[in-house]
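Here is how the chains run, residue by residue.
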Amino acid sequence: MQIDWIEWLGYLASVVILISLTMASIVKLRWINLVGALLYTIYGLLIHSIPVAFLNFGIVLINIYYLYIFYTAREKFTVVAADIDSELFNHFLQTYREEIEKLVSIEILKQCQKALYQLRNNEIAGIIAGDRFGDILDIKLDFVFPRYRDYKLGEYFFVKHPELFRERGIKKIFAHARSEEYARYLERIGFRKVPDSTDTYEKVL
């Protein structure tokens, strides 16, 4: 039986587009959708269907446009101290409880000495909670809301503007990688694994 690879290309393009629609991150959605639309454009040309190729090439251009806007936009970031006993903080814990408890127990979080909301364009995009010992912050939770998981928060606060922590008297940060994904994230933003430790990373600001 001869395999019709052109037909399978159409199936592949459909699957990629379906996967893109499951992405919580707008950036991931745009990138994956772009790939799916590009595959559909090629598929349309191969089956000599100009409408299919034209429509999907238009989608490719739209995705490229919005990705360009995203990567070139000048966004505003800041941090605001969070009250661990506040109604907002408790709402945050309950909303993301299942995901958070894979990283740290709620009981440990409620005992943390310090918490900071990370704001992106005046919207709460993430939260850092931990214990402070002198000029050291030991992070128990570094949580970014799904739609903002594009590394911009980490790169802004830990790489480009560590003075936002230094202004609060913090000179070194410890974080604990309880997953390979988070370990890769920490390494990307300049943390280094503590010798003889299984999951602890540090960054001098």
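Scroll up to find the structure.
Remember, predicted model here, so these are calculated numbers, not experimental data. (Residues numbered from 1 in each chain as written. Predicted model: local features only at pLDDT ≥ 70, side-chain atom pairs only at ≥ 80, totals over all residues. Heavy atoms only, no water.)

S.K.: Talk me through helix α4 (residues 87–95); I want residue IDs and the actual numbers.
M.R.: Of the residues making up α4, those classed as buried are Phe 89, Phe 92 and Leu 93. For α4, the angular spread of buried residues about the axis comes to 100°, placing them on one side. Exposed side of α4, more than 90 degrees from the buried face: Glu 87 and His 91 are the residues found there. Packed against the buried residues of α4 are α5 (97–100), α6 (106–110), β2 (114–120), β3 (123–133) and β4 (136–144). (Buried < 20%, exposed > 50% of the residue type's maximum accessible area, 1.4 Å probe, protein only. Helix = DSSP H or I, 4+ residues; strand = E, 2+ residues; numbered from the N terminus. Arc of directions from axis to C-beta. Contact = heavy atoms within 4.5 Å.)

S.K.: A description of helix α3 (residues 50–72) should follow, citing residues and the corresponding values.
M.R.: The periodicity of an α-helix, 3.6 residues per turn, causes residues three or four positions apart to be oriented the same way. The terminal C-alpha atoms of α3 lie 33 Å apart, and with 23 residues this matches the ideal 33 Å at 1.5 Å per residue to within 8%. Buried residues along α3 sit against α2 (26–46), β2 and α7 (152–160). (Expected span 1.5 Å × (residues − 1).)

S.K.: An account of the nonpolar core is needed here, citing residue identities and associated values.
M.R.: Core analysis: the biggest nonpolar cluster contains 45 residues, and Ile 100, Phe 158, Phe 165 and Ile 173 have the highest contact counts within it. Considering each element in turn, this core owes the most residues, five residues, to β4. If sequence neighbours within four positions are ignored, Phe 165 has contacts with Leu 116, Ile 128, Leu 137, Phe 157, Phe 158, Ile 170, Ile 173 and Leu 205. Counting residues in each nonpolar core, the second largest holds six residues, with Leu 34, Ala 37, Val 60 and Leu 67 among its members. (Core = buried A, V, L, I, M, F, W, Y, C linked by side-chain atoms within 4.5 Å.)

S.K.: Report on the sheet that holds strand β5 (residues 172–176), specifying residues and quantitative values.
M.R.: Sheet strands associate in pairs through backbone hydrogen bonding, adopting either a parallel or an antiparallel arrangement. The seven strands lie next to each other as β1-β2-β3-β4-β5-β7-β6, forming an open sheet whose pairing is mixed. One side of each edge strand has no neighbouring strand; the edge strands of this open sheet are β1 (77–81) and β6 (192–193). Sheet topology places β3 next to β4; eight bridges connect them, and they run antiparallel. Within the sheet, the bridge partner assigned to Phe 133 lies in β4 and is Ile 136. (Pairing = 2+ DSSP bridges.)

S.K.: I'd love a proper account of the environment of Ile 64, names of residues and values included.
M.R.: Looking at the element boundaries, Ile 64 is found in helix α3. It is 28 Å that separates the C-alpha atoms of Ile 64 and Leu 186, two residues lying 122 residues apart in sequence.

S.K.: Provide a residue-level description of the pattern of salt bridges, including the pertinent values.
M.R.: This structure, assessed with the given rule, holds nine salt bridges. The residue Glu 101 makes a salt bridge to Arg 97 at a minimum N-O spacing of 3.3 Å. We classify Glu 101 as partly exposed; its relative accessible area is 40%. Lys 140 is the salt-bridge partner of Asp 138, the closest N and O atoms lying 3.2 Å from each other. (Salt bridge = Lys/Arg side-chain N within 4 Å of Asp/Glu carboxyl O.)

S.K.: Run through the side chain of Asp 131, naming residues and quoting values.
M.R.: Tracing the backbone shows Asp 131 in strand β3. It is Lys 140 that comes nearest to the buried, bridge-free Asp 131 among opposite-charge side chains, at 4.2 Å. Within the structure, the side chain of Asp 131 is placed 3.1 Å from the backbone nitrogen of Gln 113, a separation counted as a polar contact. Aside from chain neighbours lying at most four places away, what touches Asp 131 is Gln 111, Cys 112, Gln 113, Ile 136, Leu 137, Asp 138 and Lys 140. (Lys, Arg positive; Asp, Glu negative; His and termini not counted. Polar contact = N/O pair within 3.5 Å; in protein donor to acceptor, adjacent residues only side chain to side chain.)

S.K.: Before we move on, could you go through the packing of aromatic side chains and cite the residues and values that matter?
M.R.: Using the criterion set out here, one finds 18 aromatic pairs in the structure. Measuring from centroid to centroid gives 5.4 Å for Trp 8 and Tyr 11, while their planes differ by 70°, and the two rings are edge-to-face. Highlighted residues: Trp 8 and Tyr 11, both in helix α1 (residues 5–20), separated by three residues, approximately one helical turn. Residues Phe 77 and Tyr 156 carry aromatic rings whose centres are separated by 4.5 Å and whose planes lie at 25° to one another, so their mutual orientation is stacked. Here Phe 77 is found in strand β1, whereas its partner Tyr 156 is found in helix α7, with 79 residues between them in sequence. Pair check on accessibility: Phe 77 and Tyr 156 agree, each one buried. Connected via pairs of aromatic rings, a cluster forms that spans Phe 89, Phe 92, Tyr 96, Phe 143 and Phe 145. Against the face of Phe 70 rests Lys 152, its NZ or CZ located 4.0 Å from the ring centre. (Phe/Tyr/Trp six-rings, centres within 6.5 Å; stacked < 30°, edge-to-face > 60°. Lys NZ or Arg CZ within 6 Å of the ring centre and 35° of its normal.)

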